[in-house]
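Observations on the three-dimensional arrangement
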Amino acid sequence: MSHPPETLDPVETPTIEAATIESAATRLATLLTTGGEGMAAPGEPGLDFEQVIRPRPLPKGEAPCDVWAVDGGQAVVADARCLQVVMTRTSRVRFRAGVCVQQDAEPLRAYLLGGVESRAALAQLDLPLRHDTAVDANLVRDRWEWDAVERCVDEADEGALVLVDGDLWPDWRIPTDYVGALLERGSQRGVLVVGVTKHSSLSRGGAPLLGQLESEAEEAFGADARWWAPVASSRPADDSSYQAEARDRPTSALAVQLVAARLDPAARFSFRIDIPAGTSPEPVLAALAAVSDDAAFPGYPYPLAVADGLAACPHWVRQEAWLALDEHLNEAGVGLEVRERAFADRHRLMERA
């Protein structure tokens, strides 16, 4: 069925320059040197940012007696595009009185994803997700990371810190209620769950926020200072005043506050840190600073650095997994030619030609 042509109003667009490295560098330079207004956190609706974000001094406190750290890794073992074999691994580390007493590099989990195979993988995640939820390695890794956090909360001593690599928002497919309930259970046990993000997407005026704060803090306190700055708080989902004020403003089921902090005077960088709402940030950050003074990783919580190493899925781990998979396929009667046709990366082969 044909339709008469419609008359469309002309769309006003900004001047578009040619997409070259030079034009990208010019625009990037403008953002990095002049950005200063308009806070943003891509992919994180429901945040209320501070009116003024200003660094303030941070004292170093006493290290908690019990500190846990959780991290996760992932890798694609074989990729036929319509089918993928992915693996994930989580790690848990425990420091008591400053001594590492537990290192768990948990077993690799391998999943076949793609088409109807993803339904089986989805069922194995044991989460209240829709049957048509898309499954990928990110979801699988995140699900088991939070499972590890849950076990840490259950096993930790009262007053413990449980450190999570990344922010406290779960993968977008995992209900935030799940993490909210976990934070609440930790609070009831006197256990605090804190997220530390190494590479933040927070921005101000379109430019990276943490870089701006590092520069401002150095100007205010000197190059060798420990500092922190409140950044934002999640907008409560059940706060009727927000809903009345602007019904289209997204809210969050997670009650979390975001801060930036440089945790050691020798640290080169600051990090984004997520803390459950209602918790006074400075004592938490002071305690975190006390476990962030290792000479190898100044400014980053050392328990998380250990967990990161245990959870990693580097090239050799991926290669070993592929060799094991290939051997099983061979034993199952899948010929070499079939295996190569299924998993050969034609794009990479063309680039190498």
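Quick look at the structure, then. (Residues numbered from 1 in each chain as written. Predicted model: local features only at pLDDT ≥ 70, side-chain atom pairs only at ≥ 80, totals over all residues. Heavy atoms only, no water.)

Some remarks on the overall build of the protein
- From N to C terminus, the protein includes 11 helices and 14 strands.
- Dimensions along the principal axes, computed over C-alpha positions, put the protein at roughly 70 × 65 × 45 Å.
- Put simply, the protein has 353 residues, and 42% of those count as buried.
- Look at the contacts in the protein between residues 6 or more apart in sequence, and 70% of them connect residues 24 or more apart.
- In the form shown here, the protein has an accessible surface area of approximately 19600 Å², with 53% of it arising from carbon and sulfur atoms.
- Here the protein contributes 33 positively and 55 negatively charged side chains, and the mean placements of these two sets differ by 2 Å. (Helix = DSSP H or I, 4+ residues; strand = E, 2+ residues; numbered from the N terminus. Buried < 20%, exposed > 50% of the residue type's maximum accessible area, 1.4 Å probe, protein only. Contact = heavy atoms within 4.5 Å. Areas by Shrake-Rupley, 256 points an atom, 1.4 Å probe, with all protein chains shown as cover. Lys, Arg positive; Asp, Glu negative; His and termini not counted. Charge placed at Lys NZ, Arg CZ, Asp CG, Glu CD.)

Let's talk about the side chain of Glu145
- Here Glu145 shows up in helix H3 (residues 137–155).
- In this structure Glu145 comes out as buried when scored by relative accessible area, which is 6%.
- Sequence-distant contacts of Glu145, that is, excluding residues within four places in its chain, are made with Val70, Asp71, Gly72, Thr90 and Asp165.

Comments concerning the nonpolar core
- Val149, Val162, Val193, Leu213, Val231 and Leu258 are the most contacted members of the largest nonpolar core, which totals 34 residues.
- Of all the elements in the fold, those that place two or more residues in this core are strand S4 (66–79), H3, strand S8 (161–165), helix H4 (176–189), helix H5 (209–221), strand S12 (227–234) and strand S13 (256–262).
- In terms of residue count, H3 provides more of this core than any other element does, five residues in total.
- With sequence-adjacent residues up to four places away left out, Val162 is seen in contact with Trp68, Val149, Cys152, Val153, Val191, Leu192, Val193 and Val194.
- By size, the runner-up hydrophobic cluster in this structure holds 28 residues, among which are Val67, Val194, Ala261 and Ala289. (Core = buried A, V, L, I, M, F, W, Y, C linked by side-chain atoms within 4.5 Å.)

A word on unusual backbone geometry
- Of note in this structure, Arg81 is not a glycine but carries a positive phi near 65°.
- With relative accessibility at 69%, the residue Arg81 sits in the exposed group.
- Phi at Ala97 takes a positive value of approximately 50°, unusual for a residue other than glycine.
- Its location among the elements puts Ala97 in the loop between strand S5 (84–96) and strand S6 (99–105).
- On the basis of relative accessible area, Ala97 is assigned to the exposed category, the value being 67%.

Overview of the pattern of salt bridges
- Tallying each qualifying case throughout the model produces 24 salt bridges.
- Here Arg92 makes a salt bridge to Asp104, at a shortest N to O gap of 3.6 Å. Highlighted residues: Arg92 in strand S5 and Asp104 in strand S6, separated in sequence by 12 residues.
- Through salt bridges with shared partners, one network takes in Arg92, Asp104, Glu106, Asp147, Arg151 and Glu155. (Salt bridge = Lys/Arg side-chain N within 4 Å of Asp/Glu carboxyl O.)

Overview of the environment of Ala277
- By the element assignment, Ala277 lies in the loop between strand S14 (271–276) and helix H7 (281–290).
- Accessibility expressed as a relative area gives 41% for Ala277, which makes it partly exposed.
- C-alpha of Ala277 to C-alpha of Ser234: the two residues are 43 residues apart in sequence and 8.3 Å apart in space.
- When near neighbours in sequence (up to four residues on either side) are disregarded, Ala277 contacts Ala255, Val256 and Gln257.

Notes on the packing of H3 against H4
- In the contact formed by H3 and H4, the axes pass within 9 Å of each other and the chain directions differ by 15°. For the element pair H3 / H4, the angle class is roughly parallel. Considering how the two elements wind past one another, H3 and H4 form a crossing that is left-handed. Between H3, through Arg143, Trp146, Asp147, Val149, Glu150, Val153, Asp154 and Glu155, and H4, the contact on the second element is made entirely by Tyr178, Val179, Leu182, Arg185, Gly186 and Arg189.
- Residues that form the contact of H3 with H4 fall into these classes: six nonpolar, one polar and seven charged. (Axes fitted to C-alpha atoms, helices over the stretch in contact; angles between N-to-C directions. Parallel < 35°, antiparallel > 145°, perpendicular 65-115°, else oblique. Left-handed = near helix turned anticlockwise from the far one by under 90°. Nonpolar A, V, L, I, M, F, W, Y, C, P; charged D, E, K, R; others polar.)

Quick look at the environment of Ala18
- Position of Ala18 among the secondary structure elements: in the segment before helix H1 (21–34).
- Sequence separation of Ala18 and Val153 is 135 residues, and the distance between their C-alpha atoms is 52 Å.

Notes on the pairing of S12
- Burial within S12 is extensive, with seven of its eight residues counted as buried.
- Bridge count between strand S3 (residues 56–57) and S12: two bridges; the pairing is antiparallel. Paired with Arg56 across the strands is Trp228, a residue of S12.
- Relative to S13, S12 is paired through six bridges, and the arrangement is antiparallel. Bridging from a neighbouring strand, Trp228 pairs with Ala261 of S13. (Pairing = 2+ DSSP bridges.)

A word on the pairing of strand S9 (residues 192–197)
- In terms of burial, S9 is a largely internal element, six of the six residues being buried.
- Every second residue of S9 is oriented toward a common face, with Leu192, Val194 and Val196 on one face and Val193, Gly195 and Thr197 on the other, all of them buried.
- Remark: the S8/H4/S9 crossover connection has right-handed handedness. (Right-handed = clockwise from strand over helix to strand, strands pointing away.)

Considering H3
- Spanning 19 residues, H3 covers 27 Å between terminal C-alpha atoms, matching the ideal 27 Å at 1.5 Å per step.
- The buried count for H3 comes to 14 of 19 residues, which makes it a mostly enclosed element.
- Regarding H3, its N-cap is Asp136, as a side-chain oxygen of that residue lies 3.1 Å from the backbone nitrogen of Asn138 further along. (Expected span 1.5 Å × (residues − 1). Polar contact = N/O pair within 3.5 Å; in protein donor to acceptor, adjacent residues only side chain to side chain.)

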